[in-house]
Amino acid sequence: MLTLCGAPVPLTVPARLYVCGITPYDVTHLGHASTFVWADTVARVMRMTGTDTVVARNVTDIDDELTRAAAERGKPYDEFGLSQEFTVEQDLAALHVRRPDHEPHARHHVRHVVALAAALLGAGAAYERGGGVWFRGSGVPAAAGLDADTALALARANGDDPDDPRRDDPFDVPVWWPADDAGPSWPSPWGPGRPGWHAECAAMALATLGGTVDVLIGGADLAFPHHAYQVALATAATGAVPYARRRMPIGTVHVDGAKMAKSTGNLVLVGDLLAHRPGAALRLLLLDREWAADWEYRAKDLDVAAERLDRLYRAAATGGGSDADVAAVRAALLDDLDVPTAMRIALDAGGAAARQAVRTLALQ
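Residues numbered from 1 in each chain as written. Predicted model: local features only at pLDDT ≥ 70, side-chain atom pairs only at ≥ 80, totals over all residues. Heavy atoms only, no water.

Visitor: I'd like to hear about the sheet that holds strand β3 (residues 15-22), residue by residue, with values.
Guide: With parallel pairing, the four strands of this open sheet are ordered in space as β4-β3-β9-β10. Because the sheet does not close on itself, it has two edges, and the strands there are β4 (53-59) and β10 (244-250). Strand after strand, the sheet turns through a mean of 20 degrees between neighbouring axes, direction not considered. Strand direction decides the pairing type here: β3 and strand β9 (residues 213-219), joined by three bridges, are parallel. By the bridge assignment for β9, valine 19 is matched with isoleucine 217. In the packing of helix α1 (residues 30-48) onto the sheet, the strands contacted are β3, β4, β9 and β10, and the crossing angle to β3 comes to about 170 degrees. Contacts from helix α7 (residues 197-209) reach β3, β4 and β9, with the element oriented near 145 degrees to β3. (Pairing = 2+ DSSP bridges. Helix = DSSP H or I, 4+ residues; strand = E, 2+ residues; numbered from the N terminus. Axes fitted to C-alpha atoms, helices over the stretch in contact; angles between N-to-C directions. Contact = heavy atoms within 4.5 Å.)

Visitor: Any details on the UniProt feature "domain: tRNA synthetases class I catalytic" (unreviewed entry) in the protein chain? Residues and values, ideally.
Guide: The feature "domain: tRNA synthetases class I catalytic" (unreviewed entry), as annotated in UniProt, sits at residues 16-305 in this numbering. What you have in residues 16-305 is 42% helix and 18% strand, and the ends, taken at the C-alpha atoms, are 31 Å apart. (UniProt positions renumbered as here; feature names shortened; annotations may be inferred.)

Visitor: Could you give an account of the layout of surface pockets, with specific residues and numbers?
Guide: Space inside the second largest pocket adds up to approximately 150 Å³. In terms of lining, the second largest pocket is formed by Leu284, Leu285, Asp288, Arg289, Trp295, Glu296, Arg298, Asp301, Val304, Ala305 and Arg308. For the lining of the second largest pocket, the elements supplying multiple residues, two or more each, are α10 (279-287), β13 (295-296) and α11 (299-316). Across the lining of the second largest pocket, the residue classes tally to five nonpolar, no polar and six charged. (1 Å grid on protein atoms, 1.4 Å probe; cavity = no way out; pocket = protein on both sides within 12 Å on 5 of 7 lines; lining within 4 Å. Points joined across faces, edges and corners; volume = space filled by probe spheres on them. Nonpolar A, V, L, I, M, F, W, Y, C, P; charged D, E, K, R; others polar.)

Visitor: How would you summarise empty space enclosed by the protein if you had to cite specific residues and measurements?
Guide: Summed over all chains, the structure comprises one cavity of 30 Å³ or more. Volume-wise, the largest cavity comes out at about 120 Å³. Surrounding the largest cavity, 13 residues form its lining, Ala39, Asp40, Val55, Arg57 and Arg98 being those nearest its centre. Element by element, the count of residues in the lining of the largest cavity is highest for α1, at five residues. Considering only residue class, the lining of the largest cavity consists of seven nonpolar, no polar and six charged.

Visitor: Outline the pairing of β4, supporting the account with residue identities and numerical values.
Guide: The buried fraction of β4 is high, at seven of seven residues. Across the two faces of β4 the burial is the same, with Thr53, Val55, Arg57 and Val59 and Val54, Ala56 and Asn58 all buried. Of the strand pairs in this sheet, β3 and β4 are connected by six bridges, and their pairing is parallel. By the bridge assignment, tyrosine 18 is partnered in β4 with alanine 56. (Buried < 20%, exposed > 50% of the residue type's maximum accessible area, 1.4 Å probe, protein only.)

Visitor: How would you summarise the environment of lysine 262 if you had to cite specific residues and measurements?
Guide: Note on placement: lysine 262 falls in the loop between β12 (258-259) and α9 (270-274). In this structure the C-alpha to C-alpha distance between lysine 262 and alanine 315, which are 53 residues apart in sequence, comes to 39 Å. Not counting the four nearest positions on each side in its chain, lysine 262 is found in contact with Tyr25, Asp26 and Leu267.

Structure, rendered in structure tokens:
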């Protein structure tokens with residue numbers, strides 16, 4: 001049985017994974033790649049057990065950053081977003097990330113956001129004001145295990161404005177933004193507007209995977225506010241508890257001690273790394289560690305990963321590797337995706353055990 005976060009995940013048929021995907025206004029950096037490679041790996045481990053697995057990975061193509069980036073280049077937001085998506089998909093393919101079964105785009109699911117807003121209003125979990133719909137989120141920080149000051153700081157760091165006078169409470173968030181001059185808009189029962197960020201993901205997940213998911217996956221920096229509100233919105237609309245059986249907040253990548261981010265100017269781009277090393281080596285660099293742990297990227301580590309991958313290939317080309325060794329590799333991967341242990345067993349035993357690691361971790 002698969003365990004995540006130290007607890008078993010009952011593998012239903014099909015297992016449903018929702019992955020917080022890209023906002024297509026920039027190219028892929030190592031932090032993005034880490035999340036998507038780990039999401040791909042948990043799906044592959046589930047499939048290793050014979051469980052049908054359905055993956056939805058969204059595209060947030062209604063976003064203020066995207067709108068601004070497109071305007072700077074003199075392009076419509078949707079056209080610019082599609083061009084960026086193409087580049088990202090090329091990078092992910094090189095990393096052996098399988099295309100998801102569903103790839104919902106926010107602009108194609110506006111009607112589902114409108115339906116979500118209506119459901120929340122009907123449940124008394126939201127209110128209408130000034131052409132917008134606001135979710136009552138006062139209890140979300142406590143549910144996420146955060147005090148008010150920490151939650152406010154995280155909300156502001158993620159572009160929210162808790163001081164907006166249209167809110168009854170600083171932790172209320174928009175399900176439907178009233179239209180302004182800053183971006184695209186769509187009709188709704190409350191007037192023209194566009195979806196709120198957290199509502200987009202909640203609506204896309206509900207539309208593609210139904211009322212609950214088995215695993216909710218995204219970068220650790222999205223745990224609050226984004227994932228916390230996505231879960232709260234879906235739960236308030238459907239009543240299904242828990243919305244996500246397990247959450248996988250993937251560890252943050254750092255460079256020179258700082259979180260990798262465009263704002264800090266320390267991005268390591270996947271395309272640049274792929275110009276010098278094969279995608280399988282970069283994939284192994286991302287996977288050969290605890291998935292939840294923050295980690296520091298150093299250029300020499302990619303060389304080490306490439307050498308380790310070569311050793312794995314040589315081990316896979318040998319005979320040997322008993323049934324017990326193969327079972328041990330599988331057991332390690334099922335134990336909270338323990339790739340380091342699976343790799344150690346595969347390299348020591350060689351043969352069939354190494355081939356199992358190569359196959360399941362998509363390192364071929």
